[in-house]
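Topology and contacts: notes
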Amino acid sequence: MQILCKKLGLRQPEQLSKYVYCWNSSWDVWRTVVWVYKIHGNKGYIIDVNDIASDPWLESLLGFSIDHEAYESRRKMVGFWLKNYSS
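A short tour of the structure in this document, coming up.

What counts and what doesn't
- Residues numbered from 1 in each chain as written.
- Predicted model: local features only at pLDDT ≥ 70, side-chain atom pairs only at ≥ 80, totals over all residues.
- Heavy atoms only, no water.
- Helix = DSSP H or I, 4+ residues; strand = E, 2+ residues; numbered from the N terminus.
- Contact = heavy atoms within 4.5 Å.
- Areas by Shrake-Rupley, 256 points an atom, 1.4 Å probe, with all protein chains shown as cover.
- Core = buried A, V, L, I, M, F, W, Y, C linked by side-chain atoms within 4.5 Å.
- Buried < 20%, exposed > 50% of the residue type's maximum accessible area, 1.4 Å probe, protein only.
- Bend = angle between axes of the 7 residues up to and from the residue.
- Phe/Tyr/Trp six-rings, centres within 6.5 Å; stacked < 30°, edge-to-face > 60°.
- Lys NZ or Arg CZ within 6 Å of the ring centre and 35° of its normal.

What the protein contains, in helices and strands, is five helices and two strands. Scanning the protein from its N terminus toward the C terminus, one meets helices and strands in the order α-β-β-α-α-α-α. The long-range fraction of contacts in the protein, counting pairs at least 24 apart against all pairs at least 6 apart in sequence, stands at 56%. Summing over all exposed atoms, the protein offers an accessible surface of approximately 6300 Å²; the carbon and sulfur share of this is 55%.

Okay, structure coming up:
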């Protein structure tokens, strides 16, 4: 999180967020990485939660499990998270 905040010029969160098994990271880390690398720079393109949940680059960066259960959890988390922004 420190590296991401420094790179993006953001202040570090005062409290650490909860660890999420299916992402192998905290809530703050996976959401920041997905936002910066998969959503923000892709203006004009369709955002596909399936592609995000199974992205090989994210998997290598975060080291998350690629089993079906973990994939489904990531897919649902991204979907619910983005649904809050589209309403």
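So, about the nonpolar core. One finds Trp23, Trp30, Val34, Leu58 and Val78 to be the most contacted residues of the largest nonpolar core, which totals 17 residues. Those elements that place two or more of their residues in this core are helix 2 (27-40), helix 3 (49-53), helix 4 (56-62) and helix 5 (68-86). The contacts of valine 34, once residues within four sequence positions are left out, are Trp23, Ile39, Ile52, Leu58 and Trp81.

Further remarks concern unusual backbone geometry. Positive phi, close to 60 degrees, is recorded for asparagine 24, a residue that is not glycine. Along the chain, asparagine 24 falls in the loop between strand 1 (19-20) and strand 2 (25-26). Judged by relative accessible area, asparagine 24 falls into the partly exposed class, the value being 34%.

Attention now moves to helix 2. At valine 34, helix 2 shows its largest bend, some 30 degrees. Every buried residue belonging to helix 2 is among Asp28, Val29, Trp30, Thr32, Val33, Val34 and Ile39, and all of these are buried.

Under the defined criterion, the tally for this structure stands at five aromatic pairs. Site record: aromatic cluster; members linked through ring pairs are Trp23, Trp27, Trp30, Phe64 and Trp81. Sitting over the ring of tryptophan 23, arginine 74 keeps its end group 6.0 Å from the ring centre. Across from the ring centre of phenylalanine 64, 3.8 Å away, lies the NZ or CZ of arginine 74, which sits over that ring.

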